[in-house]
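Okay, here's what each chain looks like letter by letter:
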Amino acid sequence: MSDFSLERIVRPNILALAPYRCARDDYSEGILLDANENSYGPSLSDTSISDLPNLERYPDPLHNEIKERLCLLRDLPSPKNLFLGVGSDEAIDLLVRIFCVPGKDKILVTPPTYGMYSVCAQVNDVGVVKVPLNLDDGKFQLQTDKVLESLEQNPDVKIVFLCSPGNPTGSLLAKEDVQKILTFPGYQGIVIVDEAYIDFVETDKGSSTAPWVTKYPNLVVLQTLSKSFGLAGIRVGIAASTPEIIALMNNTKAPYNICSLSAQVALSALQDSSIDLMKSRVQKVREERKKLIEKVVKIPGIGLVKGTNDANFVLVEVLDKENKVPCNERATKIYTYLAEERGIVIRLRCKEPGCLGCLRITIGTPEENVKLLQELEEALKLF
């Protein structure tokens, strides 16, 4: 995309923004009397918590040590290519605010997809253009020609959100389709590829687009420690892009968005031994996913397992009583019964485009999956 101009698409007020200078931007060692912190330390009677280091100090605003570990993991050249946010949701919101003028600009999404893209757009008074995925074959791939046509017709679209693997679809998007959008001369905005579930993709099927950020100046790739690393509780999301886009995100974010406790856990998770453990557990999820798919389709009343099954969940159709067509009413009854009567909580997704009668089931432990299958089969006999 040779004619891409970042200055042309960023909101002028963001380009002109003088970022807040926080105390830890300059010095982080010595007798620190610069940030109005409590020098007596944390007032915590539980010594197992109060003995954690530096809780009385504001955290590092950039966390370059964490970013250096991420560069090794994701094949990126520099910490300047990385932003850390409070989950991927902070990055999504920041990017909408950086690139989209309220009441004027738009984003483009490809439903069924992650709902926070549209929520952030609405919060920021930004329009939403919707180009559904291909819903006919159950694979949920991009209708690339229609996306490009829509971009031509809507020059005020500043961001294209692509979820890969998708949520709730579980489908990895074809890289050649993503590439066509990135290089489309009729589009002057950015492309965000949300890869929250990328580690669950079988290695022979595809890999992250994160290394592409050195090639495409209009690409942002989102990832997270919530899914494959099993660290949803620390709320650490990742954005990879050009140093220029990352600088804008750092200029716009709150000064100390990642807390010290989250940073300590994140750094521990990115040590070699922890990464090895993550990979071994991801492989277990893949194996359990395969078993669950094989068994769930044999249950009377279950239709297709939709999507290409590249995440840590499956999207399952519930059929009507005649076992002929997907049925929202029956799916809703099953969902409610399992949660309220059997203590098994899955996700109702039947109102999403192309997801008629669908339940989204996260891959659990072997014991949890066995219990789920048993209770699902019994529930289908009741309703």
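All of these numbers come straight from a predicted model, not from anything done at the bench. The residue count restarts for each chain, going from 1 along the sequence in the order it is written. Selection of residues for local features in this predicted model requires a pLDDT of at least 70, selection of side-chain atom pairs for listing and counting requires 80 or more, and totals for whole chains, interfaces and linings are taken over all residues. Note: side-chain values were computed over all heavy atoms of the structure, leaving out hydrogens and water.

1. Quick notes on the pattern of salt bridges
Right, so step 1: What makes a salt bridge here is a side-chain nitrogen of Lys or Arg within 4 Å of a carboxyl oxygen of Asp or Glu, nothing more. Using the criterion set out here, one finds 18 salt bridges in the structure.
Right, so step 2: Notably, a salt bridge pairs D26 with R21, separated by 2.5 Å at the nearest N-O pair.
Right, so step 3: Buried residues are those whose accessible area, probed at 1.4 Å on protein chains only, stays under 20% of the maximum for their type, while exposed residues exceed 50% and partly exposed ones sit between those limits. Under the relative-accessibility criterion, D26 is labelled partly exposed at 49%.
Right, so step 4: The exposed category is assigned to R21, whose relative accessible area is 52%.
Right, so step 5: Close ionic contact of K306 with E317 constitutes a salt bridge, the shortest N to O distance being 4.0 Å. Here K306 is found in strand β8 (residues 302-306), whereas its partner E317 is found in strand β9 (residues 313-318), with eleven residues between them in sequence. Under the DSSP-based scheme used, a helix requires at least four consecutive residues in state H or I and a strand at least two consecutive residues in state E, with every element numbered from the N terminus.

2. Looking at the nonpolar core
It is characteristic of soluble globular proteins that their nonpolar side chains tend to be buried jointly.
Right, so step 1: The term nonpolar core refers to a set of buried residues drawn from Ala, Val, Leu, Ile, Met, Phe, Trp, Tyr and Cys, joined through side-chain atoms within 4.5 Å. Core analysis: the largest hydrophobic core is formed by 78 residues, its most contacted members being L151, V160 and I181.
Right, so step 2: The dominant element in this core, judged by the number of residues it contributes, is helix α11 (residues 272-296), at six residues.
Right, so step 3: Throughout the structure description, domain borders are defined by an automatic or database domain assignment. Mapped onto the domain boundaries, this core takes at least three residues apiece from domain 1 (6-39 + 275-382) and domain 2 (64-274).
Right, so step 4: What V160 contacts, discounting residues up to four positions off in sequence, is L108, L151, I181, Y187, I190, V191 and I192.
Right, so step 5: With 32 residues, the next largest nonpolar core counts A91, V96, F99 and A239 among its residues. Contacts between residues were defined by any pair of non-hydrogen atoms, one from each residue, lying within 4.5 Å.

3. Side note on the packing of helix α7 (residues 144-153) against helix α8 (residues 175-182)
Right, so step 1: It is the contact of α7 with α8, at a shortest axis distance of 10 Å, that shows an interaxial angle of 15°. Of the possible angle classes, the one that applies to α7 and α8 is roughly parallel. Two packed elements cross with a definite hand, and for α7 against α8 that hand is right-handed. Across the interface between the two elements, T144, V147, L148 and L151 of α7 pack against D177, K180 and I181 of α8.
Right, so step 2: Amino acids outside the nonpolar list (Ala, Val, Leu, Ile, Met, Phe, Trp, Tyr, Cys, Pro) and the charged list (Asp, Glu, Lys, Arg) are all regarded as polar, and Gly is one of them. Partitioned by chemical class, the residues of the contact of α7 with α8 number four nonpolar, one polar and two charged. Here an angle of 0 to 180 degrees is reported between the N-to-C directions of two axes, which are lines fitted to C-alpha atoms, with helices fitted over the stretch in contact. Here the word oblique covers every angle except those under 35 degrees (roughly parallel), over 145 (roughly antiparallel) and from 65 to 115 (roughly perpendicular). Handedness of a crossing is defined here by the sense of rotation of the near helix relative to the far one, left-handed for an anticlockwise turn of less than a right angle and right-handed for a clockwise turn.

4. Some words on the sheet that holds strand β4 (residues 157-163)
Right, so step 1: In this description, strands pair whenever DSSP reports at least two bridges between them. Pairing is mixed across the open sheet formed by seven strands, whose spatial order is β1-β7-β6-β5-β4-β2-β3. Across the chains shown, the open sheet's two edge strands, defined by having one partner strand only, are β1 (82-85) and β3 (127-130). For this sheet, the mean angle separating the axes of adjacent strands, direction not counted, is 25°.
Right, so step 2: Of the strand pairs in this sheet, β1 and strand β7 (residues 237-240) are connected by four bridges, and their pairing is antiparallel. Looking across to β7, one finds that L84 is bridged to I238.
Right, so step 3: Taken strand by strand, helix α4 (residues 64-74) contacts β1, β6 (219-224) and β7, and its axis lies near 120° from that of β1.
Right, so step 4: Strands β1, β5 (190-194), β6 and β7 of the sheet are contacted by helix α9 (residues 243-252), whose axis makes an angle of about 30° with β1.

5. Thoughts on the domain arrangement of the chain
Right, so step 1: Parsing the chain into structural domains produces domain 1 (6-39 + 275-382) and domain 2 (64-274).
Right, so step 2: The C-alpha-based centres of domain 1 and domain 2 are spaced at 17 Å.
Right, so step 3: Note on terms: buried area is the combined drop in 1.4 Å-probe accessible area of two parts once they are placed together, counting the loss on both. Interface area, domain 1 with domain 2, both sides summed: about 3,600 Å², of which 62% is carbon and sulfur.
Right, so step 4: Per-residue buried area on domain 1 facing domain 2 is highest for I9, I275 and D310; these three make up 21% of the total on that side.
Right, so step 5: The tally of links between domain 1 and domain 2 comes to two salt bridges.
Right, so step 6: In this structure, the salt-bridge partner of D310 is K205, at a minimum N-O distance of 2.5 Å.
Right, so step 7: Whenever a nitrogen or oxygen atom comes within 3.5 Å of another N or O atom, the pair is scored as a polar contact, on the condition that within protein one atom can donate a hydrogen and the other can accept it, and that pairs from neighbouring residues in sequence are kept only if both atoms are in side chains. Applying the counting rule to domain 1 against domain 2 returns 23 residue pairs in polar contact (both at pLDDT 80 or more).
Right, so step 8: Going through the elements one at a time, α1 (6-9), α2 (12-15), α11 and β9 are the ones with two or more residues in the side of domain 1 that touches domain 2.
Right, so step 9: If one sorts the elements of the side of domain 1 that touches domain 2 by residue count, α11 sits on top with eight residues.
Right, so step 10: Among the residues making up the side of domain 1 that touches domain 2, the classes are represented as 20 nonpolar, five polar and eleven charged.

6. Quick word on the packing of aromatic side chains
Right, so step 1: Only Phe, Tyr and Trp rings are paired, with Trp represented by its six-membered ring, and only when their centres lie within 6.5 Å; those with planes under 30 degrees apart are stacked, over 60 edge-to-face, the remainder tilted. Tallied over the full model, the rule gives six aromatic pairs.
Right, so step 2: Aromatic pair Y114 and Y117: ring centres 5.5 Å apart, planes at 85°, arrangement edge-to-face.
Right, so step 3: What makes Y114 partly exposed here is its relative accessible area of 24%.
Right, so step 4: Accessibility expressed as a relative area gives 0% for Y117, which makes it buried.
Right, so step 5: We count a charge as sitting over a ring when the NZ of a lysine or the CZ of an arginine lies within 6 Å of the ring centre and within 35 degrees of the ring normal. Here the basic side chain of R360 rests over the ring of F313, its NZ or CZ set 5.5 Å away from the ring centre.

7. A short note on the sheet that holds β8
Right, so step 1: The strand order β8-β9-β11-β10 describes an open sheet built from four strands, whose pairing is antiparallel. Each edge of the open sheet is held by one strand with a lone partner, namely β8 and β10 (347-348).
Right, so step 2: Pairing analysis gives three bridges linking β8 to β9, with the strands arranged antiparallel. Each residue of the ladder has a partner; that of I302, found in β9, is V318.

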